Amino acid sequence: MGISQYIKEIGRGKDGARSLTRVQATDLLGQVLDGTVTDLEVGGFCLAMRIKGETADEMAGFLDATHARLHKLPDNDHTTVVLPSYNGARKLPVLTPLLALLLARRGAAVLVHGTATEDKRVFAASVFAELGVLPATRMTALATGEVAFVPTEVLSPGLKRLLDVRRAVGLRNPAHSLVKLMNPCEGKAFIVGSYTHPEYASSMAATWALTGAHALLLRGTEGEPVADARRTPRMEIFQDGERTEVQPQQDGPLAKLPSLPPVDASNTAHYIRAVLNGSLPIPTPIALQVEHILRAVQHHDSPAHAHAI
């Protein structure tokens with residue numbers, strides 16, 4: 001079939017482009033993920049969407065196509081916390097592994113998924129490797145208190161290929177938003193989504209409201225799903241289409257700034273070990289984030305909520 005008819009709609013420029021329906025978006029991305037379209041068509045799609053921007057209906061359709069093709073985590077009868085890790089560290093250490101391990105220590109099952117999307121950053125996979133958490137090669141059920149790091153290509157080779165288009169054209173595409181919104185679990189999941197710019201916060205919120213996701217949204221550290229250790233960001237919970245602020249944004253930095261390590265994987269892992277063994281304190285914004293996530297997961301797993309659903 002090809003996707004040229006869709007590119008004609010979305011590729012008419014910023015003012016002339018027409019948005020796709022959810023069904024059309026599902027069909028378009030399904031063909032892209034299945035690898036049945038040409039590289040030229042994929043490039044045209046990515047550039048057209050970059051200029052036009054995605055609507056909530058389009059993102060919902062892209063998610064429908066993605067969810068239908070993901071190799072998902074088997075249902076483990078409890079809510080899995082999902083941390084999408086795709087931005088890595090540039091100026092600040094990537095502390096997503098610290099967040100994951102703090103949550104697991106409190107009894108949560110935690111799935112971190114991601115891939116390196118740029119060459120000059122330090123990514124969670126490298127920090128996890130330093131901590132002895134090796135990348136999973138297949139999807140297996142997670143027990144409570146367990147952390148798994150799953151590379152994107154294990155979840156979806158097609159999605160990994162689409163993310164890699166950035167290396168060729170130098171621009172993000174819908175896949176970079178999709179990976180922060182998607183649910184890679186067969187069972188219940190609580191997704192921790194992050195953004196770097198306010199416009200992405202609006203689009204992510206609109207998509208989650210439309211799809212009824214259970215999630216937390218915050219402005220993370222350089223786009224990672226972990227709170228900035230130097231100041232507490234606003235945090236919002238999404239539940240059954242409802243949006244609730246659970247943590248207001250802190251004005252200005254903390255009264256006492258934490259001593260953070262250099263951004264390389266070895267020093268970051270050493271810092272994380274020191275926090276976990278109590279030699280260094282948990283940065284206050286991350287401690288607050290842990291509590292909000294655990295509270296939301298506990299509510300989601302409660303018999304009363306299950307009965308309501």
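Keep in mind that this is a model prediction, so the values were computed, not measured.

1. A short note on the packing of helix H5 (residues 56-69) against helix H10 (residues 174-181)
Working note: a packed helix pair is described by the angle between its axes plus the distance between those axes. Put simply, H5 and H10 touch, their axes get as near as 10 Å, and they point 70 degrees apart. Relative to H10, H5 is oriented roughly perpendicular. Between H5 and H10, the residues in contact are Met-59, Phe-62, Leu-63 and Thr-66 and Pro-174, Ser-177, Leu-178 and Leu-181, respectively. For the contact of H5 with H10, the class distribution of residues is six nonpolar, two polar and no charged.

2. Concerning empty space enclosed by the protein
Considering all chains together, one arrives at two cavities of 30 Å³ or more under this definition. Considered as a void within the structure, the largest cavity measures approximately 40 Å³ in volume. The residue makeup of the lining of the largest cavity, split by class, is seven nonpolar, one polar and no charged. Of the voids in this model, the second largest cavity is the one considered here, and its volume is about 30 Å³. Every residue lining the second largest cavity is listed: Glu-54, Met-59, Ser-177, Leu-181, Ser-203, Met-204 and Thr-207.

3. Regarding the nonpolar core
Counting 54 residues, the largest nonpolar core has Leu-29, Val-32, Phe-45 and Trp-208 as the members making the most contacts within it. Once residues lying within four places of it in the same chain are set aside, the contact partners of Phe-45 are Ile-3, Ile-7, Ile-10, Leu-28, Leu-29, Val-32, Phe-62 and Pro-174. Residues Val-94, Leu-103, Val-133 and Val-226 belong to the second largest nonpolar core, which totals 42 residues.

4. Examining the side chain of His-176
In this fold, His-176 is placed in helix H10. Given the relative accessible area of 10%, His-176 is considered buried.

5. Re the pattern of salt bridges
Considering all chains together, one arrives at 15 salt bridges under this definition. For Asp-64, the salt bridge identified is with Arg-22, shortest N-O distance 2.7 Å. In this pair, Asp-64 is assigned in helix H5 and Arg-22 in helix H3 (residues 22-34), connecting sequence segments 42 residues apart. Its salt-bridge partner being Asp-119, residue Arg-167 comes within 2.4 Å of it at the nearest N-O pair. Of this pair, Arg-167 sits in helix H9 (residues 157-169) while Asp-119 sits in the loop between strand E2 (109-114) and helix H7 (124-130), placing them 48 residues apart in sequence. Sharing partners across several salt bridges, the network here consists of Asp-119, Lys-160, Asp-164 and Arg-167.

6. Remarks on the layout of surface pockets
As a volume, the largest pocket reaches approximately 980 Å³. Sort the elements by how many residues they give to the lining of the largest pocket and helix H11 (residues 198-211) lands first, with four residues. Here the residues of the lining of the largest pocket sort into nine nonpolar, 13 polar and 15 charged. Estimates place the volume of the second largest pocket at around 280 Å³. Every residue lining the second largest pocket is counted, 20 residues in all, and those nearest its centre are Asn-183, Thr-211, Gly-212, Ala-213 and His-214. Looking at which element gives the most residues to the lining of the second largest pocket, the answer is H5, with four residues. When grouped by side-chain class, the residues that make up the lining of the second largest pocket number eight nonpolar, eight polar and four charged.

7. Overview of a nonpolar patch on the surface
A grouping of Leu-47, Val-169 and Leu-171 is seen on the molecular surface, where their side chains present a nonpolar patch of about 210 Å² in accessible area. Relative to the helices and strands, Val-169 resides in helix H9. The exposure class of Val-169 is partly exposed, given its relative accessible area of 36%.

Calculation notes
Residues numbered from 1 in each chain as written. Predicted model: local features only at pLDDT ≥ 70, side-chain atom pairs only at ≥ 80, totals over all residues. Heavy atoms only, no water. Axes fitted to C-alpha atoms, helices over the stretch in contact; angles between N-to-C directions. Helix = DSSP H or I, 4+ residues; strand = E, 2+ residues; numbered from the N terminus. Parallel < 35°, antiparallel > 145°, perpendicular 65-115°, else oblique. Contact = heavy atoms within 4.5 Å. Nonpolar A, V, L, I, M, F, W, Y, C, P; charged D, E, K, R; others polar. 1 Å grid on protein atoms, 1.4 Å probe; cavity = no way out; pocket = protein on both sides within 12 Å on 5 of 7 lines; lining within 4 Å. Points joined across faces, edges and corners; volume = space filled by probe spheres on them. Core = buried A, V, L, I, M, F, W, Y, C linked by side-chain atoms within 4.5 Å. Buried < 20%, exposed > 50% of the residue type's maximum accessible area, 1.4 Å probe, protein only. Salt bridge = Lys/Arg side-chain N within 4 Å of Asp/Glu carboxyl O. Patch = residues over 30% accessible without salt bridge, like charges linked within 9 Å, V, L, I, M, F, W, Y side chains within 5 Å. Areas by Shrake-Rupley, 256 points an atom, 1.4 Å probe, with all protein chains shown as cover.

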